[in-house]
Structure formats: C-alpha cells, structure tokens
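What the coordinates show
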Amino acid sequence: MTGWTEDPKLFRERVRKGQWRGSTAGMCPGYVQANLVIVPRELAFDFTVFCLRNPQPCPILEVLDPGDPVPHEVAPGADIRTDLPMYRIFKDGTLVEEREDIREYWCDDLVGYLIGCSYTFEEALVRGGVPLRNFSQRKDPGIYISNIPCRPAGPFSGPMVVSMRPIPASLVPKAVQITARFPKAHGAPVHVGEGSSIGIPDLRRVDFGEVPDIREGEIPVFWACGVTPQVIALRARIPFMITHKPGHMFITDLRIEDIASW
C-alpha cells in the first residue's frame, strides 16, 4: 500500500488522528495542495468577489456550501475542520489562537474556501528542470508582505503577500513559462529581481516561512501567495476568519495535471 506521506487520503487520516502537525511541504507528491479560508456567510459574497478580483493570490479551487465541511469536488469524504495540520483563528483583526482542529468553532453559518497553493507549482518547476532548494529540503519558502495593493471588495482590503524562490538566472524564463500553466496555483510571478520596489528591502526579514538561501547567479522571483487573506484579516480587522497556519495546507485528491491550463 502507498505510504501515508504519499497518498492524500491516508495523509488526511493521519492528520485527523493528530499524528501529523508539521508543514505539508513535500508531502503527497503529485497532488494539489490548498490554502483554507473560512468566513461567516454574511461575509462570503464579499470574500468571493475579493477572490475574483485578486485571482493570483486567491485562486479558488472550491467554495463549500454554508455549514458543509466536506469538499465534495476536490476531496470527497474529507473534512476541512480536522484534516489540516494546524489552523488559525482571527477575531476583529487579531490572531487569537492556533489549534489542531476547529470543530469547536464550526456552525451552519460558516463558508469554506479552498484556494490554490504554490507547493503545487514547486513540484511542477522541479519536474520541468528548475531546481528549488526549499523543495528538495522540504522547507517553506520565504514569504513577505509586499506593497502591492489588492483590489478591495467590501471589508476585504490590504496588501498582497508574496512568496520568493531564488532561481538560476538562465532558468527564470522557464520558471515563468511553467508556472503560468498553473493559474489555480498562483500562476506566473508577480515580480522578478530585487524586492525593494515591491516593499521588501531585506529578503532576510521574512514575515512567514524560512529565510531563503540565495546564491551567486540566482535571481529572486516572487509569486502571489495564499497567505494574503490572513494579512487582510489583520489589516482590515475582519470580525471573524479561520485559516490554515502558513505551510500547513489541505492536501486534495486532485493531481497536479488536473489544474494545468495547457
């Protein structure tokens, strides 16, 4: 039988039993990973519009029905209340708690969103011949709050969060081409080169993730990141939101090829 770190159903079962609480980087190769956002029904329309207006940081994979924790399209039988290694609870613009499951908070009023994740295109890059040290080391990339504004919708407004990976200069065009095939996993980069022009003067000062190892001949390449809604929750003082902890994703039953655009 396939190992539990390689099969998404077995992996989610282990998570549900409390047997894995770490990052999902490198887990279940070949399968799509997803960010999670949960908001009250009264905020769902505005958040849906926010995602549609900002498809690079917030590419929707599935919107669940109010009160239904089962992602019927991307992982039938799974449960977004228990099947992620770690969750975050935001109230009135404050991160109030990190916890291992959210059944205590669940009610019929909540709407879940699964949003594409860059862990998906990392594997596509490596398959395509673009080396990524953080991927081979199963580490999170450096993640930063940029000065790129998101298009607002209702109460949802604030800056885009970006993830950065150093790419050998000769392979940057290839990295752009490969990731452009995955708009449901943030698509092509939003910026190439030093970060000061997008509000990131020091790449060693990460907001999330791990400090990157940038070597001679490599260029920083930045992609939109699904942590954006968490920063929006803080900056816009959203009354209530539940998300994944950065790096602790939901692993779907979708194969990477299922979301490639061409």
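Here the structure is shown first, and the text comes after it.
Residues numbered from 1 in each chain as written. Predicted model: local features only at pLDDT ≥ 70, side-chain atom pairs only at ≥ 80, totals over all residues. Heavy atoms only, no water.

Look at helix H3 (residues 118-127) against helix H5 (residues 172-180): their axes get within 9 Å of each other, and the N-to-C directions meet at 130°. By the criterion of interaxial angle, the relationship of H3 to H5 is oblique. Every pair of crossing elements has a handedness; the one defined by H3 and H5 is right-handed. Here Phe-121, Ala-124 and Leu-125 of H3 come into contact with H5, specifically with Ala-175, Ile-178 and Thr-179. When grouped by side-chain class, the residues that make up the contact of H3 with H5 number five nonpolar, one polar and no charged. (Axes fitted to C-alpha atoms, helices over the stretch in contact; angles between N-to-C directions. Helix = DSSP H or I, 4+ residues; strand = E, 2+ residues; numbered from the N terminus. Parallel < 35°, antiparallel > 145°, perpendicular 65-115°, else oblique. Left-handed = near helix turned anticlockwise from the far one by under 90°. Contact = heavy atoms within 4.5 Å. Nonpolar A, V, L, I, M, F, W, Y, C, P; charged D, E, K, R; others polar.)

So, about the environment of Leu-36. Relative to the helices and strands, Leu-36 is located in strand S1 (residues 31-40). Distance in space between the C-alpha atoms of Leu-36 and Phe-250 is 7.1 Å, their sequence separation being 214 residues. Leu-36 has contacts with Ile-80, Leu-84, Tyr-87, Tyr-113, Leu-114, Ile-242, Thr-243 and His-244, leaving out every residue within four places of it along the chain.

Residues in a regular strand point their side chains to alternate faces of the sheet. Most of strand S10 (residues 218-224) is tucked away, with six of its seven residues classed as buried. Where strand S7 (residues 159-168) and S10 come together, seven bridges link them in antiparallel fashion. Bridging from a neighbouring strand, Arg-165 pairs with Val-221 of S10. In terms of strand pairing, strand S8 (residues 191-192) meets S10 through two bridges, oriented antiparallel. The partner of His-191 across the bridge, within S10, is Phe-222. (Buried < 20%, exposed > 50% of the residue type's maximum accessible area, 1.4 Å probe, protein only. Pairing = 2+ DSSP bridges.)

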